[in-house]
Every structure is written in C-alpha cells, then in structure tokens.
Amino acid sequence: MRATVILGLGCSPQDLKPFQAEATVEWRMGMPASPDDADVILLFGGDGTIHRHLGQLVKLGLPVLVVPAGSGNDFAGSLGLRRVRDSLAAWNQFCHGSANLRDIDLGIISAIDRGEALSPPQYFCCIAGVGLDGEVSRRANKLPRWLRGHGGYALTLVPTIFTFTPFRMKVLTPAEHAANAGTHWTVRSHQPALLAAFANTPLYGGGMKIAPKAKMDDGLLDVCIVGAVDPLRLLRLFPTVYSGNHLNVREVEYFHADRLRVETEQPMDVYADGEYVCPTPVEVAVREKALKVITA
C-alpha cells in the first residue's frame, strides 16, 4: 500500500512515526499529482489545513485519514478522531482490512453577482458563516497559534459581542414548485441578524455545537441564524452553544437546505473552516459524498 503524507503548520515527520509500524506500507510526502500515485492520504493538521487542500482531495478521490494536529480540530472531532491516538487506531484498522471508510458531504461556496457565479466554488468541510462568526474568525486568526488552539475563539467572541452590530440579511432557498428551481428563489429568512452559519458538521470554534443536528452524509446543510440579541443577553446565552441548547432561544432560526443564497445590504466577509473565502452575496450548496474518509 502506498501512503502519502501532508503535514500542516507546526507538524513534522516526527509526528508520522507512530503510523509507520506497518512494514507493508510505502511512504511518500506531499499531495499526489494523480490518483495513480497513492492509495491513501494522511493529513496532519486542523480545519484550516484541511480546508486549503479540499479541492485537490476531491479531485483525487482517495481515502483520507485526518490526524488532529491544528489549532482547531472540529472536523476530525466530528469524525470521532478527537486525539492523535484515535487516528492511529483508525489507521491500524484500515491497514488490517477493516471497512472503516465513509463517504461524506462537503459544502460549496460561490461568490455571485446578478445571479451568476463570479469565481470557482470553494469547498468547506465544517461550517461557513457570515456576521459575528466571520468577525470572530478574523480576529482569532491574528492570535498566536497556541492560544487559538486553547480557547482562542471563545476568548475572541466575548469582546466582539459588545462591538458587533446586527446587519440586515436575506437568505433565499430554491422555490419548491418552480418549473426551473435553478433560477427561481424564495425568501426563507429576512431579518436583522448577528450571524448565520451553514453547517456540514455539528461543531466549530473549538467544540461549539452551533448545528447540533447536522449530519455529514444527509445531503443537506443545517442553517442556524441568530437574530438581533442584546449583547448582555447574548453573553449570558453564549454557554448554551456548547450543549446545543441555543436552539431553544426565540431569536434563533434553524432549518435545513441543500442550496441557498445569502444577501446583505453591504458586502460582508464569508468565512469557512475559520478561513476567509469571499464577500457576500454568495451561493452555498452541498456536494453529496464528495470525500472518502477513514473514521474511528
């Protein structure tokens, strides 16, 4: 078996050694040029590292094992790979013929103007967001890597709550009974909002269950919109996002969609997996069974 390894920021070949006990594996470094160059890919890193490689991983179609080694590891955690030893156990199962492979969905973001796509779509594995979420991601990305991996998102969120103001946002979904659903849209939500999250996984921001009902293989995105909430009340409600109980808050709207559009009065930054993607307006969709992953 030929295994190729991608090392994210802060990782080294030393991190690979526990995975090299199987003598029948031939090891190579770097992204394969074609599916014929490898049988499996091991990716050491966090959500940002995975995000930056998703386009090529989808093209290759090879099984991918994620080893959580970044400042944010919500994607690995959603796959049951919360620690390096979890990934090592999954690797050993895979090497010995266990059928621990899973086809999962990915999200896709396209910048749009006058209804037309402006740029090639970008994949995301966890959650895309606009509003307070994007501003927190922007600020958190400026923190030292160690701090980002130890509660940096939550630490950044608290002060941002008191400076971020609600914005007018319109979310549209395809018209259910239109003759051509690709060109007919209906308004699903139109309100002053603090944030909107479009989720492929339940987790983001270091363990926050912003979309507790999200599944990675249902062909749908879970949409969570937080309306205008007083900053002090929002601060009191903030801990509920770790349990998913924020869905009981009256200002929170939650629904599913396989495709949607997001419009704001002024262009706002869209982030996905903690990385900047583009400004609004955007179209967000899901690609079913886009990535084959090794799971716990």
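Figured I'd write up the structure that's included with this text.

Rules and cut-offs
Starting afresh in each chain, residues are numbered from 1 along the sequence in its written order. Residues qualify for local features only when their pLDDT is at least 70, as the model is predicted, and side-chain atom pairs are given and counted only at 80 or more; totals for whole chains, interfaces and linings, by contrast, use all residues. The basis for every side-chain value is the complete set of heavy atoms in the structure, and neither hydrogens nor water enter the calculation. For the purposes of this entry, the term helix denotes a DSSP run of H or I that reaches at least four residues, the term strand denotes a run of E that reaches at least two, and both are numbered from the N terminus. Multiplying 1.5 Å by the residue count of a helix minus one yields the expected span of that helix. Residue contacts are defined here by distance: any two heavy atoms, one from each residue, within 4.5 Å place the two residues in contact. When a carboxyl oxygen of Asp or Glu lies within 4 Å of a side-chain nitrogen of Lys or Arg, that pair is called a salt bridge. For each residue, the accessible area found with a 1.4 Å probe, counting protein chains only, is set against the maximum for its type, and the residue is called buried under 20%, exposed over 50%, and partly exposed in between. Think of a patch as exposed residues, more than 30% relative accessible area, with no salt bridge, where like charges cluster within 9 Å and nonpolar side chains (Val, Leu, Ile, Met, Phe, Trp, Tyr) cluster within 5 Å. For the accessible areas, the method is Shrake-Rupley and the probe is 1.4 Å, while residue cover comes only from the protein chains on display. The positive count covers Lys and Arg only, the negative count covers Asp and Glu only, and His and the chain ends enter neither. In this description, the location of a charge corresponds to atom NZ of lysine, CZ of arginine, CG of aspartate or CD of glutamate. Two cysteine sulfurs form what is called a disulfide whenever their separation falls within 2.5 Å. When DSSP locates at least two bridges between a pair of strands, those strands are taken to pair. Planes of paired rings set the category: under 30 degrees apart is stacked, over 60 is edge-to-face and the rest tilted, where pairs are Phe, Tyr or Trp rings (Trp by its six-membered ring) whose centres lie within 6.5 Å.

We now examine helix α3 (residues 84-95). Spacing of three or four residues puts side chains on the same side of an α-helix, whose turn is 3.6 residues. Helix length check: α3, at twelve residues, gives a terminal C-alpha distance of 16 Å against a target of 16 Å (1.5 Å per residue), a fit within 8%. Against the buried residues of α3 lie β1 (2-7), β2 (26-29), β3 (40-45), β4 (64-68), β5 (101-113) and β16 (282-294). At the exit of α3 stands G97, carrying a positive phi of roughly 90 degrees.

What follows covers the pattern of salt bridges. In total, this model carries twelve salt bridges according to the counting rule given. The partner of E135 in a salt bridge is R138, with the nearest N and O atoms 2.6 Å apart. Taken together, the residues E135 and R138, both in helix α4 (residues 132-140) and three residues apart, mark about one turn of the helix. The salt bridge involving E283 is made with R259; its shortest N-O contact spans 2.6 Å. In this pair, E283 is assigned in strand β16 and R259 in strand β13 (residues 259-264), connecting sequence segments 24 residues apart. Its relative accessible area of 14% is what places E283 among the buried residues.

This part takes up a positive patch on the surface. A cluster of like positive charges, contributed by R82, R83, R85 and K209, occupies part of the molecular surface. Within the secondary structure, R85 sits in helix α3.

Tallying each qualifying case throughout the model produces zero disulfides. C11 takes part in no disulfide bond, and the closest cysteine sulfur, belonging to C125, lies 15 Å away. Judged by relative accessible area, which is 16%, C11 ranks as buried. No disulfide involves C126; its sulfur sits 3.9 Å from the nearest other cysteine sulfur, which is in C125.

Turning next to the pairing of β13. With four bridges connecting them, strand β9 (residues 167-174) and β13 associate as antiparallel partners. Bridge pairing in β13 places K170 opposite E263. Here β13 pairs with β16 via four bridges, running antiparallel. From the neighbouring strand, R259 faces β16, where its bridge partner is A285.

Cis geometry is adopted by the peptide bond preceding P281, which originates at T280 and carries an omega value of 10 degrees. Mapped onto the elements of the fold, P281 is located in the loop between β15 (275-279) and β16. Even without a glycine there, the phi angle at K289 is positive, about 50 degrees. Position of K289 relative to the elements: it lies in strand β16. You can call K289 exposed: its relative accessible area is 56%.

All right, on to the packing of aromatic side chains then. A complete count under the given rule lists six aromatic pairs for this structure. Here F238 and Y242 contribute two aromatic rings whose centre-to-centre distance is 5.7 Å and whose plane-to-plane angle is 75 degrees, an arrangement assigned as edge-to-face. For the pair Y271 and Y276, a centre-to-centre distance of 5.8 Å together with 70 degrees between the ring planes defines the contact as edge-to-face. Owing to a relative accessible area of 42%, Y276 belongs among the partly exposed residues under this scheme. Ring-pair connections join several aromatic residues into one group, and the members of that group are W27, W91 and F94.

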